[in-house]
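Fold and geometry: a report
For reference, the chains in residue letters:
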Amino acid sequence: MNDLRDHLFATLEALSDAEKPMEIERAKAICSTAQTIIDSARVEVKYIEVTGREEKSQKFFAGQVPDAPITFSSRRGNLPA
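Summary of the structure given here.

Cut-offs applied
- Residues numbered from 1 in each chain as written.
- Predicted model: local features only at pLDDT ≥ 70, side-chain atom pairs only at ≥ 80, totals over all residues.
- Heavy atoms only, no water.
- Helix = DSSP H or I, 4+ residues; strand = E, 2+ residues; numbered from the N terminus.
- Axes fitted to C-alpha atoms, helices over the stretch in contact; angles between N-to-C directions.
- Parallel < 35°, antiparallel > 145°, perpendicular 65-115°, else oblique.
- Left-handed = near helix turned anticlockwise from the far one by under 90°.
- Contact = heavy atoms within 4.5 Å.
- Nonpolar A, V, L, I, M, F, W, Y, C, P; charged D, E, K, R; others polar.
- Expected span 1.5 Å × (residues − 1).
- Buried < 20%, exposed > 50% of the residue type's maximum accessible area, 1.4 Å probe, protein only.

All right, on to the environment of I38 then. Structurally, I38 can be placed in helix α2 (residues 24-51). Each C-alpha atom of the pair I38 and L4 lies 9.0 Å from the other, and the pair is 34 residues apart in sequence.

Below is the structure:
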């Protein structure tokens, strides 16, 4: 997730570059791809919530899921509180 965040902030910086701004279509493609990644993370978090476990085959949050139980809020996307 940190890499994704870094790429999105780099896109924002590139868009605001006064001398050579990023093309809007390229920025839209980056944002669309990022949204797909975020959606897949939501599915994985939901899976962990429903099953109460993380599968070893899941790579998105590999090494990032705490040993303690994950609690969820009622916020949109059921992300950890």
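Now, onward.
Attention now moves to the packing of helix α1 (residues 2-15) against α2. Two elements in contact, α1 and α2, have axes whose closest approach is 11 Å; the angle formed by their N-to-C orientations is 160°. The pairing of α1 with α2 is recorded here as roughly antiparallel in orientation. α1 and α2 meet at a crossing whose hand is left-handed. Between α1 and α2, the residues in contact are L4, L8, T11 and L15 and I24, A27, I30, A34, I37 and I38, respectively. Classifying every residue of the contact of α1 with α2 by side-chain character gives 9 nonpolar, 1 polar and no charged.

Taking 1.5 Å per residue, 28 residues should reach 40 Å; α2 reaches 41 Å between its end C-alpha atoms and fits that length. Looking only at α2, the buried set comprises A27, A34, A41, E44, V45 and I48. Buried positions along α2 lie against α1. Positioned one or two residues after α2, G52 has a phi angle of 75°, which is positive.

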